[in-house]
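Residue-level listing of the chains:
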Amino acid sequence: MRELEKLLHSDVSEDRHYRNELKYVCSEGELQLILARIRHICPSDSHASATGTYSIRSIYFDDAQNRCFLENENGTDPREKFRIRIYNASDRRITLECKRKEHTMTNKVSCPLTKDQLTMILNGSLPESAVDSDLLRKLFLLHEQDNLKPNVIVAYERTPFVYAPGNVRITFDRNIGSTTNISGFFDPYLPLRPVLPTGKHILEVKYDAFLPDFLYEVMNLGSLTQTAFSKYYLCRKFTV
């Protein structure tokens, strides 16, 4: 029992590898201008399609007291959220992730799931394979103790770029929407509710120890303001 309590209050991260994360709300014009600059400097992410994009869907979990939502609203530090993520509405790659934020830095721990495991988790059961996964075990403990369960799907289209020095990742996220129809997770035509004004998108910059000056200048339009924007929080505002 003591071992389970220790797991429950841990951050399930072995290497505790935290990264910087900057976020900006930008217009379509600002996004296109930065995209035109970035394309000549950084390669596209290898997982992107021929058009340089892919779609992301994430099921986020919260408990009966809406703890994750309220911690986001109050800026609680540290805080963490569980989510299950897929790409292009496909079951070929399903990932359970726990994202932790601490002192403006973020850490993400993940493990792969099969579609059968996903079905069990959404039904409130623990897959047999979870005995060797601290992440799965912690999710199930939180489900048992706090009734942690799936409550919203967050979806958007992403255009990603990478720059190896500094482990920099620059992403442009368009058409952010949400739904509480968890059963439609793999539906390619899943209806979504837009959560940003028309023509508004999100620019995110993630890096380890440093962000090269020239990349900062490329993205410096003089009009962008850094924000603590959370896709999850904005999508939950329509459902809480």
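The coordinates are above.
An account of the accompanying structure is given in this report. (Residues numbered from 1 in each chain as written. Predicted model: local features only at pLDDT ≥ 70, side-chain atom pairs only at ≥ 80, totals over all residues. Heavy atoms only, no water.)

1. Examining the overall build of the protein
- Scanning the protein from N- to C-terminus turns up seven helices and nine strands.
- Counting only residues that meet the buried cut, the protein has 50% of its 240 residues in that class.
- Sequence-distant contacts, at least 24 apart, represent 72% of the contacts inside the protein between residues at least 6 apart. (Helix = DSSP H or I, 4+ residues; strand = E, 2+ residues; numbered from the N terminus. Buried < 20%, exposed > 50% of the residue type's maximum accessible area, 1.4 Å probe, protein only. Contact = heavy atoms within 4.5 Å.)

2. A word on the pairing of strand 2 (residues 54-62)
- For strand 2, the buried fraction is high: eight of the nine residues fall into the buried class.
- Two elements, strand 2 and strand 6 (residues 149-163), share nine bridges in a ladder whose sense is antiparallel. Residue pairing in the sheet places Tyr 54 in a bridge with Arg 158 of strand 6. (Pairing = 2+ DSSP bridges.)

3. Observations regarding the nonpolar core
- Counting residues in hydrophobic clusters, the biggest one holds 21 residues, and the most contacted among them are Phe 61, Phe 82, Ile 84 and Leu 96.
- Contributing elements (two or more residues each) for this core: strand 2, strand 3 (79-87), strand 4 (94-102), strand 5 (105-113), helix 4 (115-122) and helix 5 (134-146).
- Here the element with the most residues in this core is helix 5; it accounts for four residues.
- The contact partners of Phe 61, leaving out residues within four places of it in the chain, are Cys 68, Phe 82, Arg 83, Ile 84, Ile 121, Leu 139, Leu 148, Lys 149, Pro 150, Asn 151 and Tyr 232.
- In terms of nonpolar packing, the next biggest core, distinct from the first, is built from 20 residues, Tyr 24, Cys 26, Ile 34 and Ile 170 among them. (Core = buried A, V, L, I, M, F, W, Y, C linked by side-chain atoms within 4.5 Å.)

4. Structural notes on helix 5
- With 13 residues, helix 5 should reach 18 Å at 1.5 Å per residue; the first-to-last C-alpha distance of 17 Å fits that figure.
- Within helix 5, the full set of buried residues consists of Leu 135, Leu 136, Arg 137, Lys 138, Leu 139, Leu 141 and Leu 142.
- Taken from the residues just after helix 5, Asn 147 is the one with a positive phi, measuring 60°. (Expected span 1.5 Å × (residues − 1).)

5. Section: the state of the cysteines
- According to the stated counting rule, one finds zero disulfides in the structure shown.
- Cys 68 takes part in no disulfide bond, and the closest cysteine sulfur to it belongs to Cys 98, at a distance of 8.9 Å.
- Cys 68 gets classed as buried once you look at its relative accessible area, which sits at 3%. (Disulfide = S-S within 2.5 Å.)

6. Some remarks on the layout of surface pockets
- One number sums up the size of the largest pocket: a volume of about 1000 Å³.
- Glu 21, Arg 83, Lys 99, Lys 108 and Lys 206 are the residues nearest the centre of the largest pocket, which is lined by 43 residues in total.
- If you list the elements that add at least two residues to the lining of the largest pocket, you get strand 1 (19-27), strand 2, strand 3, strand 4, strand 5, strand 6, strand 9 (200-207) and helix 7 (231-237).
- With six residues, strand 3 is the largest single contributor of residues to the lining of the largest pocket. (1 Å grid on protein atoms, 1.4 Å probe; cavity = no way out; pocket = protein on both sides within 12 Å on 5 of 7 lines; lining within 4 Å. Points joined across faces, edges and corners; volume = space filled by probe spheres on them.)

7. So, the pairing of strand 9
- Across the eight residues that make up strand 9, a large majority, seven, are buried.
- Direction of pairing for strand 1 relative to strand 9: antiparallel, over a ladder of eight bridges. When the sheet's bridge partners are listed, Lys 23 is paired in strand 9 with Glu 204.

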